[in-house]
Amino acid sequence: MSDLARKLSQFDAYPKTMEDFRTKTFSGAAVSICAGALMLVLFASELQYFMSTEVTPELFVDTSRNEKLRINLDIVFPKMPCAYLSIDVMDISGEQQLDVEHNLYKRRLTADGQEIDEEKHHELGGTATNASELVAESKDTEVAEKLDPDRCESCYGAETKEHPCCNTCESVREAYRIKGWAFDNAEGIVQCTREGWKDSLKEQADEGCNMYGFLLVNKVAGNFHFAPGKSFQQHSIHIHDLQPFGKRNFNMSHIVKRLSFGNEYPGLVNPLDDHHEVVPEEGSAMYQYFLKIVPTRYRKKNGQTISTNQYSVTRHQRKINQGFGDSGLPGAFFMFEISPILVSLTETNRSFMHFLTSVCAIIGGIFTVAGMLDSVIYHSLKSMAKKNELGKLG
């Protein structure tokens, strides 16, 4: 057995020297400490990299059909009152959503950006759907007692079979919108006078507005926009009625706090989040954003799949003349197109063998380089010491 051990010892790649022939130096200790510290730092970095999740991207043709696109938004208009703003959605299939109310809310802001009635979220268009609810919501108890819950007030020529009655100022404006008529004079309309509609506009003239919520649209190219005035269609032309507000400039400065398409996933970057377009001076402008939406599927390690979207954006801005007309409509316009390519992102664990190889390379590499450095320092110091001794003898 001893002969076998003696033969195998010939393959020892790490021959040992006797302890008496080893010399320990201060420079060697310094190099060893630095090398050990460097090994520890690089090992911790490699371990952190190994513990992180690797995301592998792949590209496919998007074959999904009949899906809806969810648009999450939270936008502040510091110079535009909530009573003036409306949001419309249109797409190339011909579908339109005018003055959208569902799933969207607006919060009034003071001129300094502070919330008014911050605990109450104001839904666009109001909450009363019939005369009984209007009476119940009325703050003026004297008026509430006089109003008949079952009354049917005039729409001033804009009645239809579906909506024969207009018991509120908003319902009169809606009836005018459906007819394609401009709502330019509220003084002769009893409902608006009773509700103080014109006084409400004056009261909110210096306020701002925070609009937030989400939209559900067809997954085709289209646009959504924020603009002043009630919108309606007339001879296949999209029109915003600005006459009730007089000849004033509309400062459409805005802050996009959040704009995303679909659900969030780890590492998602929305380029318009916290985007500011604030113009201090008075004036009207049209802000246009051209969005390229890329369908994305994110698959987590636990098997959960998130279907969402990424997007890129380019922007354009131009001033609007006070007369508007052919120069354009003041507002914030978001035009989007859907990419036919689907990006698939898959989470995977990093290879343990790769981690082990990297750790061995770190230890072996630093150990070898440190040995070479120590040898150079040792022989350099030894050579200098000999020269000093020869100099003294000479």
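All values reported here derive from a predicted model rather than from experimental measurement. (Residues numbered from 1 in each chain as written. Predicted model: local features only at pLDDT ≥ 70, side-chain atom pairs only at ≥ 80, totals over all residues. Heavy atoms only, no water.)

We now examine the overall build of the protein. Looking only at helices and strands, the protein has eight helices and 16 strands in total. Split into buried and exposed, the 394 residues of the protein put 37% on the buried side. Excluding contacts between residues fewer than 6 apart, the proportion of contacts in the protein whose partners are at least 24 apart in sequence is 72%. Looking at the protein as shown, the accessible area adds up to about 24,000 Å², and 56% of this sits on carbon and sulfur atoms. (Helix = DSSP H or I, 4+ residues; strand = E, 2+ residues; numbered from the N terminus. Buried < 20%, exposed > 50% of the residue type's maximum accessible area, 1.4 Å probe, protein only. Contact = heavy atoms within 4.5 Å. Areas by Shrake-Rupley, 256 points an atom, 1.4 Å probe, with all protein chains shown as cover.)

Before going further, it helps to spend a moment on helix H2 (residues 26–51). Owing to its 3.6 residues per turn, the α-helix aligns residues three or four sequence positions apart on the same side. Its 26 residues place the ends of H2 38 Å apart at the C-alpha level, agreeing with the 38 Å of an ideal helix rising 1.5 Å per residue. Within H2, the full set of buried residues consists of Ser27, Gly28, Val31, Ala35, Met39, Glu46 and Phe50. (Expected span 1.5 Å × (residues − 1).)

This brings us to the state of the cysteines. Here the structure, examined in full by the defined rule, presents three disulfides. The disulfide partner of Cys152 is Cys165, and the S-S distance across this bridge is 1.7 Å. A torsion of -95 degrees about the S-S bond marks the disulfide between Cys152 and Cys165 as left-handed. In this pair, Cys152 sits in the loop between helix H4 (141–146) and helix H5 (169–179) while Cys165 sits in the loop between H4 and H5, placing the two residues 13 residues apart along the sequence. By relative accessible area, Cys165 is classed as partly exposed at 29%. The residue that forms a disulfide with Cys155 is Cys166, at a sulfur-sulfur distance of 1.8 Å. Taking the torsion about the S-S bond as the criterion, the Cys155 to Cys166 disulfide, at about 95 degrees, is right-handed. Taken together, the residues span a long stretch of sequence, with Cys155 in the loop between H4 and H5 and Cys166 in the loop between H4 and H5 at a distance of eleven residues. Judged on exposure class, the residue Cys155 and its partner Cys166 are both buried. (Disulfide = S-S within 2.5 Å.)

Attention now goes to a nonpolar patch on the surface. On the surface, Phe43, Leu47 and Met51 cluster together into a nonpolar patch covering about 280 Å² of accessible area. Considering the arrangement of structural elements, one finds Leu47 in helix H2. (Patch = residues over 30% accessible without salt bridge, like charges linked within 9 Å, V, L, I, M, F, W, Y side chains within 5 Å. Salt bridge = Lys/Arg side-chain N within 4 Å of Asp/Glu carboxyl O.)

Here we come to the pattern of salt bridges. With the rule as written, the count across this model stands at eight salt bridges. Two residues, Glu207 and Arg108, come together in a salt bridge whose shortest N-O distance is 2.6 Å. On the criterion of sequence distance, the pair formed by Glu207 in the loop between helix H7 (197–203) and strand E7 (208–218) and Arg108 in strand E5 (residues 104–109) is long-range, its members being 99 residues apart. By relative accessible area, Arg108 is classed as buried at 17%. One salt bridge in this structure joins Glu264 and Arg258, with 3.6 Å as the shortest N-O distance. Relative accessible area serves as the criterion here: at 40%, Glu264 is assigned to the partly exposed category. For Arg258, a relative accessible area of 34% corresponds to the partly exposed category. Overlapping salt bridges, with partners in common, bring together Asp62, Glu67 and Lys219 in one network.

Strand residues, when the strand is regular, have side chains that alternate between the two faces of the sheet. Sheet analysis places strand E2 (residues 68–77) next to strand E11 (residues 254–261), joined by six bridges and oriented antiparallel. Directly across from Ile75, in E11, lies its bridge partner Val256. Pairing between E11 and strand E12 (residues 275–277): three bridges, direction antiparallel. Pairing of His254 across the sheet is with Glu277, part of E12. (Pairing = 2+ DSSP bridges.)

What follows deals with the packing of aromatic side chains. Applying the stated criterion across every chain, the model contains 15 aromatic pairs. On the numbers, 5.8 Å between centres and 25 degrees between planes, the contact of Tyr105 with Tyr212 is stacked. Residue Tyr105 is found in strand E5, and its partner Tyr212 is found in strand E7; the two are separated by 107 residues along the sequence. With centroids separated by 6.3 Å and ring planes inclined at 40 degrees, the aromatic side chains of Phe224 and Phe336 adopt a geometry described as tilted. You can see Phe224 sitting in strand E8 (residues 222–228) and its partner Phe336 sitting in strand E15 (residues 331–338), a full 112 residues away along the chain. Each member of the pair, Phe224 as well as Phe336, is classed as buried. Among the aromatic residues, those joined into a cluster by ring pairs are Phe77, Phe224, Phe226, Phe261, Tyr289, Tyr311, Phe334 and Phe336. Across the ring face of Phe214, the terminal group of Arg70 is positioned such that the distance to the ring centre comes to 3.8 Å. Taking NZ or CZ as reference, Arg350 lies 3.9 Å from the ring centre of Tyr49, over its face. (Phe/Tyr/Trp six-rings, centres within 6.5 Å; stacked < 30°, edge-to-face > 60°. Lys NZ or Arg CZ within 6 Å of the ring centre and 35° of its normal.)

So, about unusual backbone geometry. Excluding glycine, most residues fall at negative phi; most peptide bonds, likewise, are trans. Backbone geometry places Asn103, a non-glycine residue, at a positive phi of 65 degrees. The topology assignment puts Asn103 in the loop between strand E4 (96–97) and E5. The residue Asp274 is not glycine, and still its phi comes out positive at about 60 degrees. In this structure Asp274 comes out as exposed when scored by relative accessible area, which is 57%.

As a further point, take the nonpolar core. Ile71, Leu215, Phe224, Phe226, Leu259 and Phe334 are the most contacted members of the largest nonpolar core, which has 36 residues in total. When contributions to this core are tallied by element, the ones reaching two or more residues are E2, strand E3 (85–91), E7, E8, E11, strand E13 (284–299) and E15. (Core = buried A, V, L, I, M, F, W, Y, C linked by side-chain atoms within 4.5 Å.)

Our focus in this paragraph is the confidence of the model for the protein. Segments scoring low in pLDDT should not have their predicted coordinates read at a detailed level. Confidence in the prediction for the protein averages 80 pLDDT; 79% of positions are at 70 or higher. For residues 118–142, every residue scores under 50 in pLDDT, and the model assigns this stretch 41 contacts once sequence neighbours within four places are set aside. (pLDDT = per-residue confidence, 0-100.)

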